[in-house]
Amino acid sequence: MSMRWYVVRRVLWAVVATFLILSITWGLLAITPNPAAEQMQFQAAASGGSAEAAEEAFEARRGLDRSPWVRYREYMLNMATLNWGWSQSRSQPVTDAIANAVPYTAIYSVPTTILSILVGLSIGLYSATHQYTRTDYAATFFAFFGYAIPNFWFGIILLLVFGVQLGWFPVVFDSDAPFLSLAMGRQLVLPVVVLVTGTIAGIMRYSRAEALEYVEAEFVKTAKAKGADGYRILTRHILRPAAVPLMTILVGDILGIFLAASYLVEVVFGIPGLGQLSYNAILAQDTSLVLGTTLIFTFVSVIGNLVQDVAYTVLDPRIDYGDR
Amino acid sequence: MAGDRDTFESVDWTETRSRLSTLSRRDWGALLTGLALVAAFVYDYVVLPASRPTITVPVEWNVTQLDWLFVSTLLALLLYVVVPLYGNRRLTAYYWREFRKNRMAVASLVYLVVVFCIGVVGPLVLEQPALALDRAYQPPVYLSVDSTVPVNCLGGVVDGRCQGTMAHPLGTTGDGKDILVLVVYGMQVSMKVGLISTLLVVTIGTTVGTVAAYGGGLVDELLMRYVDIQLVFPAFFLYLLLTYLFGGSLFMFILIFGLTGWGSIARLVRSEALQRAEEEYITAARSAGAGTLYVIRRHLVPNVSNSVITAATLLIPGFILFEASLSFLSLGDPTVPSWGQVIATGRSDLSTAWWISTFPGVFLFTTILAFNFMGDALRDALDPRQET
Amino acid sequence: MLKLVAATGVAGLAGCSGNGSGGSEDAEPDVQGTYVSASSVDAQSLNWLTIADSTSGSYVTATLDGTWAITPDREIFPLWADYSTDDGRVYEIELREGLEWGAGYGEMTAEDWVYMIETVFQAEDNWSGYPNADDWFRTNPDSGQREPIPVEQTGTRTFEISLFEVDPSFPFKPILWRQQCIPKGILEKYAEDRDTEGLQQDEELNTLAYTGNLGPYTYENWERSASYTVTRNDDYYLRDVADVPDRFREAPYFDQEIIRVISEESTRLGALESGEVDSAGIPPDKATRFENLPNVDVNVTPQPYARVLIYNMRANGWEPFRSKAVRRALAFAVDKESVVENILRGYGQVAQTMQPKWSEWYDDSRVEAFGVGDRYGPEATRSRLESALSGTEYAYDGDRLVDGSGDGVTLTIYYDSGQPTEGTIAEFVAQEFSENAGIEVQPEAVSSSTFQSNYVRTSAPEGSEPEWTAGIFNGGPRDVATSAEPWDMCINLQFNTYPFTPASSKGFFERRGGINFYGYYPEEDIGELYERASSTTDDARRRELFGEAFGLISEEQPFGFLAMPSSVSGYAEDVRGYDEEFNTGWDSQTWYFA
């Protein structure tokens, strides 16, 4: 089976999987009772009006007075033809809503990913070559500290201390600040710090594990015997074989670089990004918006998996893609 | 085999032992205790009325669904982790020597064992925290808070600041519940969430992964494509739907995320098992007449278990943290005194009554940290590829 | 309903406040500054025909005034229009001169109004999904059917509304109070084809392009989930009107108003403290801290919502609740002052009936007090409860109330799992019942949507036909129709007491009231008192009748009235114009920076 055929098969599968997930999502949304509708009916009855009339008005507005099959067909067709519809909870087209939110997610997720990869890699490699020393413990502790501390709690504490008490950073996120300006940079410091400390651990651990495989290898001992110093050993001998699996992780992550949205951080800092968008859409049961964001996330993850698998087989000649 | 003396002639070449005879003593033990547990569960649910506690000696304890699951999890851990370690002393000693090299990991292990013991025993001894409005917002001992924050001050007001007392060493929440007691109850909840979910994930993931790797072909394809879908399955939506319908419950959280979260373990196990499946001992076993189930159970699973165990020690804190995050989003179980719930209730008071969120947060943090250190050390100790 | 909530100054919105008396400022304030307020949720839409949440309503009200406002003294203050009536049944509405639409739609005339009412509000199948369409239909006593209220244009700027029955408080109801309008030119495009989607997605409706000179501000920008900006309207019509108080002369006095959406409470309060926003709602337990801050002023205004303890008198509840004597006895068990002092931190008032104390319909001499002072305590509760339950199987075994088989009575109380304050109140009530009445109470958390579908909706069992039914919440007689799940008490619901239009709460106290999901059968005919009061045009007589009705309600104790929480808001210390009365935001366009 050739490589091309394998990739095509997996992409087709990605489409099928996305379709399945979207259908399941739509189904779950359709059977969930809508709290807003319930509340409106109750309010209507409480003020002496008619609950049924309120329910009918709600259904007319949301287009829910049609049969489920009709609604399902319409949504799936819309998704397929990239006409993603109108978001009820934000009264704008779904594509606009997503297009508005992605930049806000990207401005904190891009620096986060880059920084965490750089810092994580360095700590991991250093840790592998200096196992069980005090600096190893300190570096590991720092990485794990960030992972273990709950993001949301850390964010609120930082905001209170540095924003309210010390006044170094603004408390409210100003969405009007131009994207590449100093003002925007200032208000991104705290969210990026929170996120980077959280993600370093994973990368660090993985790079350390990979590098450890080769730290005691024969060829490294040879290099040491020949007089190479630590840095040269690291970059020229260990990094090369370790780079293969590391690459696969990075390549898989690149796709998610723009979408590594963190809802918790967005809520605490008030950033109107994709995380908030999709979560609020779920709560408001705004079907078109939920389907739109789910489509993006699902498709990207499935393709990300595929890219990772392919990259692994391409970069490591020992592995035959036929095995997968 | 029959006969008092085994001779070449007395062997019956067509006779094979039944499948069941390949089960070890330990497996029989597990089966028996499992049955006993199910019997006790049925007795509790069908026979006993809801208000009467299940056991009254030595302590009164009304066993909930979650408790049953927890007990079965602990039994499984005992039989499949502790007993094998005990049985194979030399290997255990080797592992321990490797593990001991990482001192932080040893400290973490000690900490976790302490937390586990307190978590199991504590709630049986301490009373469930109750509302006490006159004790709301008391500061921790040796610390003080501005006297406008609590309604009532138990420790006396000095210079306009309410003082903490030993009656509430870690302070109280806005409802007057003692934080130390909440932290102890939270230990049990964290143990339950972490251990039960992880056991579910590990069991299912390992099974699927090994079957897929060994079976190959169509079986492999089907299983892995299903795993693909499950990895992107919106379990969160399902959880949200059930929360809307039935209200948030810890049992549901464990069930849903345990039953849908095994995808990455399955992939991991599969890639490990793929490498092992070509080894000679597998071929040898097959030639000796072992069935598929036997090969998987006795040869594949124990050999992939190392990576599974390290992954498991990282899953446990993942689940605990996830539960805390969901509680923060008000999607958790409000009746359960988990650390996440306490942090969530104190989040808007961080500028005044900071201890409410901070102390459970510190415990959450140290527990996760401990698991991480332990997981790293385990990986180093259990990984046979690393040459020393 | 939307405007009712918006105008009561719900926390965190750019509310308005007014001085009943004329201000002592002789010079008019300067137009300066940007007023930034913090809101916890974002609006859903600016197209007010499709929305029913108060945040969206407040966004729109900044740019469109509406017909008239109600002052805290319960007087009508004409904005776009004034009304006149001879008999309280036929109302003539007259629009002001000089009201101009934006986007080239000309002058606002009665034609716009009549067209809107007839083709959108009163459309037979409610094709637009207008949430308040039901308000425009009333029962015609001649035919007994619900029919659209006849509306007729009588001049260029006048139109007439002919109700079927006399209703003197009609102008105070949300149907017309602060009601906005849309140019006929926009509605025409969609009305004929009944194009719901087109109407929802219309660009001009969604960007408030048609507001012309009709409001103090005009739409500038809406960044979803981030901020909403409006700028001062130089053509604001109210400035040119002769008969308004001086403070409206140069209104509004802010160059811009921005509403910032900050969902995390600590961030919101932090922004208020650091001065990045000028106003935000403050939860009661933080209020004291903010009162001590020099740069923030805390303002407490009363709210019309009452926290009540609802008893389930249906077949799946607790039967003794049906007895008035039992309910009156139980009212002695809960210390209402403690609820206000400890849970609401003093920001609230004790509730004794379905009206707040400061309302003009509240007659102190007729309302009975429970749960305060010497009308509270274990002795008082037990003695009364014992005698109230004397003929039944329930009796006291020592301190505990036991039923016929000697088991202690255990009741359940439900609260919203997403509201920690409710949880606290539920646990407090449980403790009080246990101590003072010897009844064990088990608090249960439930999500609000679960609660509504499984506990509030009542219906008769499958297949049976109840004698009568009054809607999805009151499915039939209390012995027949019950909710899906059993419950004894609940406190998740706060009820609006309608201090401006008290007749609206009639449904709670009628056997066949549409909202009577708890199965209360009143002993006195309270509904009849309501009807008599709403149909008389004599103000004094109406006050007397309502006073009597609310007195009766306090006597019958259909639910346990607990407290009426107040709304606490924090303002930057240079903001002026608000006051401590109910509906203080009615003239927010006159607020200014000192």
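Here, every reference points to the structure presented above.
Not measured: the values here are computed from a predicted model.

**Let's talk about the nonpolar core**
So, step 1. Judged by nonpolar contacts, the single largest core of 163 residues is most densely connected at A:Phe152, A:Phe269, B:Tyr239, B:Leu329 and B:Leu364.
So, step 2. Beyond its immediate stretch of four places on either side in the chain, B:Leu364 contacts A:Pro150, B:Ile320, B:Leu321, B:Ala324, B:Trp339 and B:Ile343.
So, step 3. Judged by nonpolar contacts, the second largest core, of 82 residues, contains C:Trp136, C:Cys181, C:Tyr253 and C:Phe593.

**So, a nonpolar patch on the surface**
So, step 1. A cluster of nonpolar side chains, namely B:Val38, B:Val42, B:Tyr43, B:Tyr45, B:Val46 and B:Val47, defines an oily patch on the protein surface of about 600 Å² accessible area.
So, step 2. Note that B:Val47 resides in helix α1 (residues 25–47).

**With respect to the interface of chain A and chain B**
So, step 1. With 51 residues of chain A at the contact, the number on the chain B side is 48 residues.
So, step 2. With both chains or domains summed, chain A and chain B bury close to 4,700 Å², and 70% of this area falls on carbon and sulfur atoms.
So, step 3. For chain A, the biggest contributors to the area lost against chain B are A:Tyr137, A:Phe152 and A:Trp153; these three give 13% of the whole.
So, step 4. The interface formed by chain A and chain B includes one salt bridge.
So, step 5. For A:Arg9, the salt bridge is made with B:Glu221, and the minimal N-O distance between the two is 3.2 Å.
So, step 6. For the pair chain A and chain B, the number of links is two residue pairs in polar contact (both at pLDDT 80 or more).
So, step 7. Among the secondary structure elements, those contributing two or more residues to the side of chain A that touches chain B are α1 (3–31), α6 (134–148), α7 (151–165), α8 (182–215), α11 (263–269), α12 (274–284) and α13 (287–315) of chain A.
So, step 8. The biggest single contributor to the side of chain A that touches chain B is α1(A), with ten residues.
So, step 9. Of the residues belonging to the side of chain A that touches chain B, the class tally is 33 nonpolar, eight polar and ten charged.

**Focus on the sheet that holds strand β8 (residues 151–153) of chain C**
Residue and element names in this part refer to chain C.
So, step 1. Pairing is antiparallel in the open sheet, where four strands are placed in the order β4-β5-β9-β8. In the strand order of this sheet, the two ends are held by β4 (81–85) and β8, each with one partner. Between one strand axis and the next, the sheet turns by 25 degrees as a mean value, whatever way the strands run.
So, step 2. Sheet topology note: the β4/strand β5 (residues 90–95) ladder contains five bridges and is antiparallel. Of the residues in β5, the one forming a bridge with Tyr-83 is Ile-93.
So, step 3. Against the sheet, helix α3 (residues 110–121) makes contact with β5, β8 and β9 (158–162), and its axis sits at roughly 155 degrees relative to β8, the strand it touches most.

What counts and what doesn't
Residues numbered from 1 in each chain as written. Chains lettered and ligands numbered in written order. Predicted model: local features only at pLDDT ≥ 70, side-chain atom pairs only at ≥ 80, totals over all residues. Heavy atoms only, no water. Core = buried A, V, L, I, M, F, W, Y, C linked by side-chain atoms within 4.5 Å. Buried < 20%, exposed > 50% of the residue type's maximum accessible area, 1.4 Å probe, protein only. Contact = heavy atoms within 4.5 Å. Patch = residues over 30% accessible without salt bridge, like charges linked within 9 Å, V, L, I, M, F, W, Y side chains within 5 Å. Areas by Shrake-Rupley, 256 points an atom, 1.4 Å probe, with all protein chains shown as cover. Salt bridge = Lys/Arg side-chain N within 4 Å of Asp/Glu carboxyl O. Helix = DSSP H or I, 4+ residues; strand = E, 2+ residues; numbered from the N terminus. Buried area = accessible area lost by both parts, 1.4 Å probe. Polar contact = N/O pair within 3.5 Å; in protein donor to acceptor, adjacent residues only side chain to side chain. Nonpolar A, V, L, I, M, F, W, Y, C, P; charged D, E, K, R; others polar. Pairing = 2+ DSSP bridges. Axes fitted to C-alpha atoms, helices over the stretch in contact; angles between N-to-C directions.

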